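# Close look at the chain arrangement
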Amino acid sequence: MTQLQHLAQVIRSKNSGPFEITFDVMFADAGTYRRVEESGVLTPELVCKLYGVPPEDIVALLFFKPALAFVHPAPRLGAGKHQ
Amino acid sequence: MTTEIKILPPVGMLGYGIPEADFWRGIDAGADAVVVDAGSTDPGPYLLGLGKMIVAASALERDLRLILAGCNKRKIPLLIGSAGGPGIGKHVDETIETIRRIAKEKSYRLKVAAVYADVKPELVRDRFASGRIVPCASAPALKAEDIEESTHIVAQMGVEPILKVLREHPDVNVVVAGRAYDPAPYAAFCMLHGIEDPGIFWHMGKIMECGANCAEPKGRVILATIRQDSFDLEPMNPLERCTPLSVAAHTLYEKTRPDLLAGPGGVLDLTGATYVPLNDRTVRVSGSVFRPSPVYQVKLEGAAIAGQRTIFVGGIRDPILVGQIDTFLEALKKRLAGVFPELQSGAAQVDFHVYGKNGVMGALEPEKDFVPLEVGILGEVTAATQDLANAICSSARIGVLHMPYKGQMATAGNFAIPLNPPENPIGPVCRFSLYHLMEVESPLELFPSRIEEIA
C-alpha cells in the first residue's frame, strides 16, 4: 500500500471563510490522479473514520480533474466560538 | 467596442508589498487599469470587530505611492475593492485621505469615487424578521442578538455599484470601494469596456484578485489580457510561470467548491473551463458560464466583541503529568467552575491548547496513542471584563502550576513559565456575528457613492 504523501504533490488545508476549512490534495500528473480516483479509497466513510466526525460534517468530497485534485471542505470545529 | 483590454493586479492584497520592476513591466506592457483587492476575512473577526485596517498605514501608503505613479504615467484608472480590509466607511475615507496626501505632494489631479458598503442594523433586523436572511456556507443560524451585538456590519457589493460610478463618471481616476465581492472591480472594468460574457470576466476576476498566486512559484504582479471569448494570464516576474495546472489549481484555493462559485447576482460554473498554454508561462482561459440567480443576495459580514481575554503560556516536562494531562486539565476546569460562577453559567470560558499533543488539530487529531516528551500549554480565559478574565486566568495558571495529580513525585510546582508576569491581558475578543446572505431590493440598494476632486 502506498502512502498518499508519496503520490501527491500538494497536501494542504486552508480556511475558506470563517466557518469552513478545505483540505486539498493535488497530484502531479493525470495518471496518478486517475489511479487515486479509481482506487476508491478516498471516500466520506474513510474521512469520518479517520477524524472521528459524523457524516453531516462532510460538506463535500470531490475529485476535480482540471486541477488533478481531490478536495474536501469541512465546517471548522469551534466555529462560532470567538477567535 | 474594444477588442482587448489589459488589467494589472500588482499584488493579491493592497499593502502586502509590490515588486517595483515587475509592476513597471506591467504598466509598460500596456495595462488599461490597475485593480487591487484590499480586503479579506482570513485574519479573523478582530479587524471588523474593532474597525482596524488589515495592513499598517505605512504599508498602505507605500503601495499606493507606487500604484499612483504607474497610473499617472499611463493615465489609467485605479480600482480598489474592500478598502482597508473589512471595508467599512472609515476605511474607505482613510484610504482616500492617503491618496489625497500623495496626490497633493506629487501634484496629481485626481477624480476619486467612494462607494460605501456599510449596512444599518435596523435594515438587517427588518430583513431578518421577514425571513430574508439565510446563513452563508457553514455559518450558524442567525439570532437577533447577533445583529444587536455587531459593532460593524457591511455587505459585499457586486459589480453594479462600481459599474454605475464608472459609467456616470468616465473621467474618474480612482474608485475606492468598501467591502466588495473580490472579483467585482475586475468585472466592472470589463463591463465598462464592452466585454459581454460574464463567464469570462467573473472567472478572470476570481483568479486575478489574488495577484500572481496562480503562478508557480506564487508571485504578486500579473497581467490579464481579456477579450470577448477568453483571457490570458502572464506573471510579470520573468522567473514565474502560469501553467494550466497552476491556474486550475488556484480555483480551489480557499473555496468551498472548485467548480461552482456563488456570488452576488449568480453562480459561476467552472466545469467547462479550459486552460490552454500559449507558451511555457502564459495560459489562455475560457469556457466558464455565469448563471444569474433569480433572487439577488449579498453577503453580510458583521463582528461583535465577545469579551475580554487574558492568557498564560508555559511548558510541562514531568512525564508523570504529561502522561495524564487531559484528565488533569479536566479536573482543573471543574475546580475553576466551582470557584467562578461565570464559568458554570458559560458567561466566561477557559480553554487550554496543549501543544505537542493536539494543540493544532484539537479534537480532529487522529494520533492519540503516544506520550510526548513535553507539552506547551496556552491557557486562555474570556470574560465580560478584563478584571474577571485576569482573576480566572490567574487561578487557572496557579492550578496548572500547583494542582496535585496521581503518582506525583515532583511536588514543588510543575509548570515552566517563560514570561513574567505569568498571565497577560490581551484585550477584546471578537467573533463573526454575521456571515449571512440577505435579499436586496436591487443590487444598488445598499451602496451609495460620492465623488471628490483632488486638485
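These numbers were taken from a predicted model, which means no experiment stands behind them.

Here we take up the overall build of chain B. Across its full length, chain B carries 14 helices and 19 strands. Its C-alpha atoms give chain B principal-axis dimensions of about 80 × 50 × 50 Å. In chain B, which comprises 455 residues, the proportion classed as buried is 56%. Long-range pairs, those at least 24 residues apart, make up 78% of the contacts in chain B between residues at least 6 apart in sequence. By element, 55% of the accessible surface of chain B is carried by carbon and sulfur atoms, the whole surface being about 18,700 Å². On chain B, the mean spot of the 45 positive side-chain charges and the mean spot of the 54 negative ones are 3 Å from each other.

Attention shifts here to the interface of chain A and chain B. On the side of chain B, 35 residues touch chain A, which itself brings 31 residues to the contact. Both faces combined, the contact of chain A with chain B buries some 2,800 Å², and carbon together with sulfur accounts for 67% of it. Where chain A touches chain B, the interface holds one salt bridge. Across the pair Lys14 of chain A and Asp42 of chain B runs a salt bridge, and its minimum N-O distance is 2.9 Å. Scanning the region where chain A abuts chain B turns up three residue pairs in polar contact (both at pLDDT 80 or more). Listed by contribution, the elements that provide at least two residues to the side of chain A that touches chain B are strand 1 (8–15), strand 2 (20–27), helix 3 (44–51), strand 3 (62–64) and strand 4 (69–75) of chain A. A total of five residues in the side of chain A that touches chain B trace back to one element, the largest contributor, which is strand 2 of chain A. Looking at side-chain class alone, the side of chain A that touches chain B contains 19 nonpolar, seven polar and five charged residues.

Turning next to a nonpolar patch on the surface. Judged by side-chain polarity, Tyr46, Leu50 and Ile305 of chain B come together as a nonpolar surface patch covering roughly 240 Å² of accessible area. When you line up the elements, Leu50 of chain B lands in helix 2 (residues 46–50).

Turning to the side chain of His436 of chain B, a few remarks are in order. Residue and element names in this part refer to chain B. For His436, the position within the fold is in strand 18 (residues 423–439). According to the relative accessible area criterion, His436 is buried, its value standing at 3%. A polar contact of 3.0 Å, which involves the side chain of His436, links it to the backbone oxygen of Pro140. Those residues in contact with His436 that lie beyond four places of it in its chain are Ile133, Val134, Pro135, Cys136, Ala139, Pro140, Ala141, Leu142, Val298, Lys299 and Leu300.

This part takes up the pattern of salt bridges. Residue and element names in this part refer to chain B. Under the definition given, this model contains 33 salt bridges over all chains. Note that Glu441 and Arg132 form a salt bridge whose closest N and O atoms lie 3.0 Å from each other. Note that Glu441 is positioned in the loop between strand 18 and strand 19 (449–454) and Arg132 in the loop between helix 5 (121–129) and strand 5 (133–135), a separation of 309 residues in sequence. A relative accessible area of 56% means that Glu441 is categorised as exposed. Across the pair Arg284 and Asp232 runs a salt bridge, and its minimum N-O distance is 2.7 Å. Of this pair, Arg284 sits in strand 13 (residues 283–286) while Asp232 sits in strand 9 (residues 231–235); the two residues are 52 residues apart in sequence, bridging distant segments of the chain. Relative accessible area serves as the criterion here: at 31%, Arg284 is assigned to the partly exposed category. What makes Asp232 buried here is its relative accessible area of 8%. Look at the salt bridges and you will find they share partners, linking Glu61, Arg65, Asp93, Glu97, Arg100, Arg101, Glu105, Arg450 and Glu452 into a network.

Let us now look at the sheet that holds strand 3 of chain A. Residue and element names in this part refer to chain A. If you walk across this open sheet you meet the four strands as 1-2-4-3, and the pairing is antiparallel. Each edge of the open sheet is held by one strand with a lone partner, namely strand 1 and strand 3. The average undirected angle you get between the axes of adjacent strands in this sheet is 20°. In the sheet, strand 2 pairs with strand 4 via seven bridges, with the strands oriented antiparallel. Within the sheet, the bridge partner assigned to Val25 lies in strand 4 and is Phe70. Those strands touched by helix 2 (residues 30–39) are strand 2, strand 3 and strand 4, and its axis lies near 160° from that of strand 3.

Of the residues in chain B, 100% have a pLDDT of 70 or more, and the chain-wide mean is 96. In the predicted assembly, ipTM is 0.85 and pTM is 0.93.

Cut-offs and rules
Residues numbered from 1 in each chain as written. Chains lettered and ligands numbered in written order. Predicted model: local features only at pLDDT ≥ 70, side-chain atom pairs only at ≥ 80, totals over all residues. Heavy atoms only, no water. Helix = DSSP H or I, 4+ residues; strand = E, 2+ residues; numbered from the N terminus. Buried < 20%, exposed > 50% of the residue type's maximum accessible area, 1.4 Å probe, protein only. Contact = heavy atoms within 4.5 Å. Areas by Shrake-Rupley, 256 points an atom, 1.4 Å probe, with all protein chains shown as cover. Lys, Arg positive; Asp, Glu negative; His and termini not counted. Charge placed at Lys NZ, Arg CZ, Asp CG, Glu CD. Buried area = accessible area lost by both parts, 1.4 Å probe. Salt bridge = Lys/Arg side-chain N within 4 Å of Asp/Glu carboxyl O. Polar contact = N/O pair within 3.5 Å; in protein donor to acceptor, adjacent residues only side chain to side chain. Nonpolar A, V, L, I, M, F, W, Y, C, P; charged D, E, K, R; others polar. Patch = residues over 30% accessible without salt bridge, like charges linked within 9 Å, V, L, I, M, F, W, Y side chains within 5 Å. Pairing = 2+ DSSP bridges. Axes fitted to C-alpha atoms, helices over the stretch in contact; angles between N-to-C directions. pLDDT = per-residue confidence, 0-100.

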